[in-house]
Amino acid sequence: MALEQLSDVVQRCQALPSDSYTAEDHDVFTIAGRSCIEEGNSAQVLSIVLDEKNQDMVRCMGWNLLPPLIPVLLKKEDKNLPQCLAIFNHLIQTCRPKELLIGLLEQLEQDDPDTIAESLHLLLSPLQKVLLCLGSRKPSSLGMTLSSVLDQVAKLPLPRTKEQEEDDVFSLCRCCTDLTDFVRPFVDEARQNLLTTKTHSEDIDKTTAGQDEMEDELATELLKFCMKTLSHPLLEVQLRDPDTLPVSPLRMFATEILETLRAIGESLPSLVYQPLLRRKQVPGFLEEEVRYPKESLASLAHLVFVHHLAADTFPSVFSPVFSLRCTMEHILLLLSRTEDFRIQKGLELYEKSLVRLEDGSLPADLLEIKTFLTVPQNLVKVMTICPRHDLRTRGLKVFQLSVDKFDTEAKYRFFQYMLKTSNHSGVEGYIIKNIKNQIDIALQPGNSSTWFEGVHLLPLLRKVLILPDGPETDLLQYLDRIMESLNLLRYLVIRDKVTENQTGIWTELYKIEDSFMKPLRVGINMSRAHYEREMHNTMEAKKKKKAKEEESVLSVSVGDEKLPSMTSESQIQALHSALHTFDMIESVLVRIEELVQVKDDP
């Protein structure tokens, strides 16, 4: 039935010019032709399509036969595959590009990851041929095509291990390779356009030179493509170094993207250093942040500084300090996210930017730049709340590396800022430990420090040697800070002689006793009494109650969430641990008091 209908409409249309085909002719040809292919009559359809008398009709209506052809071509096992492939190839050669583009893009849409890669592999080459046949509509059509392709690529799982990339488990590598081949002729054309424009601008009068500054639409679409791929998949995958994976399709894809940017006239240094270098105004419909998305530029910076892609394009005149200032915006963006891969890349970029600097080379005036304060705040979040232990550990390493790069005054001001803003006992304890190290360096023979001795040091010590809430301070919550503060005070009392008083500790000691040591003594006594009473009550309850009732002696809440009940044994163990902590704090405090007493006595 469908074959008869197709034959009838073909015979009728053979006698008509192409502009006389009616809407009914289109409908009958489409429905009957698709039905024939679906029913297995591909050979008959191929005969009709190849008939010289039907070429006008195929040119106008043939693209409607694409939907039933694509599933057959993707399966590769259908007995009608040769005929369907021949029909498909003839349609690509014969049909009008505008309709073909629409038809092919409609067939590009897939949901199954396994089918997506096959679909892209099948359709990208025909799409390339169609686009190359378009005239003035080529740039916009290319942009639409690339957007659809990248939407499909975004549905593919990402390889997380070296083995997954090697075996291309999710077919992402194959898609990236196909995509590189697809855009190559358009990149070559954009490169040639750029060269032609430059040559032309050298030969014309300056009054008309402004016309050559109009942005090239093809280059604009390729720029959007590059920016989108930098964000996904390149920002989200972990590239392997050549030593780890000699042949890396993803690394090759990243290299091609950077080369594409250069081919269309984009300066990679200007893109990476965009936060500090004011770019020239480029006429066009894209606003700056749309044209150059911040996340894409951060990904570009990571590729350049961490993986050293296109590093040879960067002038050597840029100092490591200037490079750090520029990359801080990118680092801030990456570390402010919650996704592991963004945090990891932020840490890698910060570390690579820091290792190029000499220790003590960053001046204090850099702390007036907002990012030099907000990046450490984000690092603190990584160090304290990131679920992954390896990222927390690396965050601490990078944090210390950043401290080491500051000069003495910058360290001093940085410590002040972090003590004020970190709001985390562990971080505050770490800062106090760094302060102790800087004081120790200043007190070494032959060394001298304006900032970690005498007048400047005392205001910093006052911020350190104090209990946040006086005697009522939760000693367990602030344990790290308190212990490091005590260690610092003990060090000062031992290291700095009364007669020299380089740090000023001996003239300040009476204030420290009132603001820190005495309140701490009271706090220890209060906390110990409270926990000893809890210990007594728990042990008494254990004796009186039956074993069954023991299992729910204590319940603990964190915020509004009630945690599982603790057994009596667990509660007693926790109370013992707390009492041991108070003893540890007190032992250091007693030692300091003894040292002070010895030095006070002649």
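Above this text is the structure in question.
What counts, and where the lines are drawn
Residues numbered from 1 in each chain as written. Predicted model: local features only at pLDDT ≥ 70, side-chain atom pairs only at ≥ 80, totals over all residues. Heavy atoms only, no water. Helix = DSSP H or I, 4+ residues; strand = E, 2+ residues; numbered from the N terminus. Rg over C-alpha atoms; globule rule 2.2 N^0.38 Å. Buried < 20%, exposed > 50% of the residue type's maximum accessible area, 1.4 Å probe, protein only. Contact = heavy atoms within 4.5 Å. Core = buried A, V, L, I, M, F, W, Y, C linked by side-chain atoms within 4.5 Å. Axes fitted to C-alpha atoms, helices over the stretch in contact; angles between N-to-C directions. Parallel < 35°, antiparallel > 145°, perpendicular 65-115°, else oblique. Left-handed = near helix turned anticlockwise from the far one by under 90°. Nonpolar A, V, L, I, M, F, W, Y, C, P; charged D, E, K, R; others polar. Salt bridge = Lys/Arg side-chain N within 4 Å of Asp/Glu carboxyl O. Expected span 1.5 Å × (residues − 1). Disulfide = S-S within 2.5 Å. Phe/Tyr/Trp six-rings, centres within 6.5 Å; stacked < 30°, edge-to-face > 60°.

So, the overall build of the protein
Right, so step 1: Broken down by element type, the protein carries 27 helices and 2 strands.
Right, so step 2: Against the 2.2 N^0.38 benchmark of 25 Å for 602 residues, the protein shows a C-alpha radius of gyration of 36 Å, more extended than a compact globule.
Right, so step 3: Its C-alpha atoms give the protein principal-axis dimensions of about 120 × 85 × 40 Å.
Right, so step 4: Looking at the protein residue by residue over its 602 residues, the buried ones come to 48%.
Right, so step 5: Taking all contacts inside the protein whose residues are at least 6 apart in sequence as the whole, residues at least 24 apart take part in 74%.

Some details on the nonpolar core
Right, so step 1: Among the nonpolar cores identified, the biggest contains 184 residues, and Phe182, Ile439, Leu486 and Leu520 are the most heavily contacted of them.
Right, so step 2: Setting aside residues up to four positions removed in sequence, isoleucine 439 forms contacts with Phe452, Leu457, Leu461, Leu488, Tyr491, Leu492 and Thr503.

Looking at the packing of helix 22 (residues 425-442) against helix 23 (residues 454-464)
Right, so step 1: Across the interface, helix 22 lies against helix 23 with an axial gap of 11 Å and an inter-helix angle of 150 degrees. With respect to helix 23, the element helix 22 is oriented roughly antiparallel. Helix 23 is crossed by helix 22, and the crossing has left-handed handedness. Between helix 22 and helix 23, the contacting residues are Ile432, Ile435 and Ile439 on the first element and Leu457, Leu460, Leu461 and Val464 on the second.

Observations concerning unusual backbone geometry
Right, so step 1: The amide bond that connects histidine 232 to the next residue, proline 233, takes the cis arrangement and shows omega of 15 degrees.
Right, so step 2: Within the element layout of this structure, proline 233 appears in helix 12 (residues 217-234).
Right, so step 3: With phi around 60 degrees, histidine 308 is a residue other than glycine that occupies positive phi space.
Right, so step 4: Here histidine 308 shows up in the loop between helix 16 (294-305) and helix 17 (320-335).

Some words on the side chain of glutamine 110
Right, so step 1: Examined against the element boundaries, glutamine 110 turns out to sit in the loop between helix 7 (97-108) and helix 8 (113-132).
Right, so step 2: Not counting the four nearest positions on each side in its chain, glutamine 110 is found in contact with Leu74, Thr115, Ile116, Ser119, Gln152 and Lys155.

Notes on the packing of helix 5 (residues 66-75) against helix 7
Right, so step 1: Close contact between helix 5 and helix 7 brings their axes to 10 Å; oriented N to C, the two are set at 45 degrees. As the angle between them shows, helix 5 and helix 7 are arranged oblique. Here the hand of the crossing between helix 5 and helix 7 comes out right-handed. Between helix 5 and helix 7, the contacting residues are Leu66, Pro67 and Ile70 on the first element and Leu100, Gly103, Leu104 and Gln107 on the second.
Right, so step 2: Residue classes in the contact of helix 5 with helix 7 are distributed as 5 nonpolar, 2 polar and no charged.

A look at the environment of glutamate 24
Right, so step 1: Following the sequence through the fold, glutamate 24 ends up in helix 2 (residues 23-38).
Right, so step 2: The spacing of glutamate 24 and valine 9 is 15 residues in sequence and 9.4 Å in space, taken between C-alpha atoms.

What to know about the pattern of salt bridges
Right, so step 1: On inspection of all chains with the given rule, the structure shows 34 salt bridges.
Right, so step 2: The shortest N-O distance in the salt bridge between arginine 184 and aspartate 181 comes to 2.9 Å. Here arginine 184 pairs with aspartate 181, and both are found in helix 11 (residues 172-203), just 3 residues apart, close to one helical turn.
Right, so step 3: Note on arginine 184: relative accessible area 35%, which makes it partly exposed.

A word on helix 2
Think of an α-helix as turning once every 3.6 residues; residues three or four places apart then point the same way.
Right, so step 1: For helix 2, which comprises 16 residues, the first-to-last C-alpha distance of 23 Å matches the rise-based estimate of 22 Å (1.5 Å per residue) to within 8%.
Right, so step 2: Listed in full, the buried residues belonging to helix 2 are Asp25, Phe29, Thr30, Ala32, Gly33, Ser35, Cys36 and Ile37.
Right, so step 3: For helix 2, the secondary structure elements touched by its buried residues are helix 1 (2-14), helix 3 (42-50), helix 4 (55-61), helix 5 and helix 6 (81-94).
Right, so step 4: Backbone geometry just after helix 2 places glycine 40 at a positive phi near 95 degrees.

Digging into helix 6
Right, so step 1: With 14 residues, helix 6 should reach 20 Å at 1.5 Å per residue; the first-to-last C-alpha distance of 20 Å fits that figure.
Right, so step 2: Residues Cys84, Ile87, Phe88, His90, Leu91, Ile92 and Thr94 constitute the buried set of helix 6.
Right, so step 3: Residues of helix 6 that are buried in the fold lie against helix 2, helix 3, helix 4, helix 5, helix 7 and helix 8.

Thoughts on the state of the cysteines
Right, so step 1: One pass over the full model with this rule turns up 0 disulfides.
Right, so step 2: Cysteine 60 supplies the cysteine sulfur nearest to cysteine 13, a cysteine that is in no disulfide, at a spacing of 9.4 Å.
Right, so step 3: According to the relative accessible area criterion, cysteine 13 is buried, its value standing at 1%.
Right, so step 4: The cysteine cysteine 60 is free of any disulfide, with cysteine 95 supplying the nearest cysteine sulfur at 8.9 Å.

Here's the deal with the packing of aromatic side chains
Right, so step 1: A complete count under the given rule lists 15 aromatic pairs for this structure.
Right, so step 2: Aromatic pair tyrosine 412 and phenylalanine 452: ring centres 5.9 Å apart, planes at 75 degrees, arrangement edge-to-face. Residue tyrosine 412 is found in helix 21 (residues 408-421), and its partner phenylalanine 452 is found in the loop between helix 22 and helix 23; the two are separated by 40 residues along the sequence.
Right, so step 3: Under the relative-accessibility criterion, phenylalanine 452 is labelled buried at 0%.

Describing the side chain of histidine 90
Right, so step 1: Here histidine 90 shows up in helix 6.
Right, so step 2: Apart from the residues within four sequence positions on either side, histidine 90 is in contact with Val49, Leu50, Gln55 and Val58.

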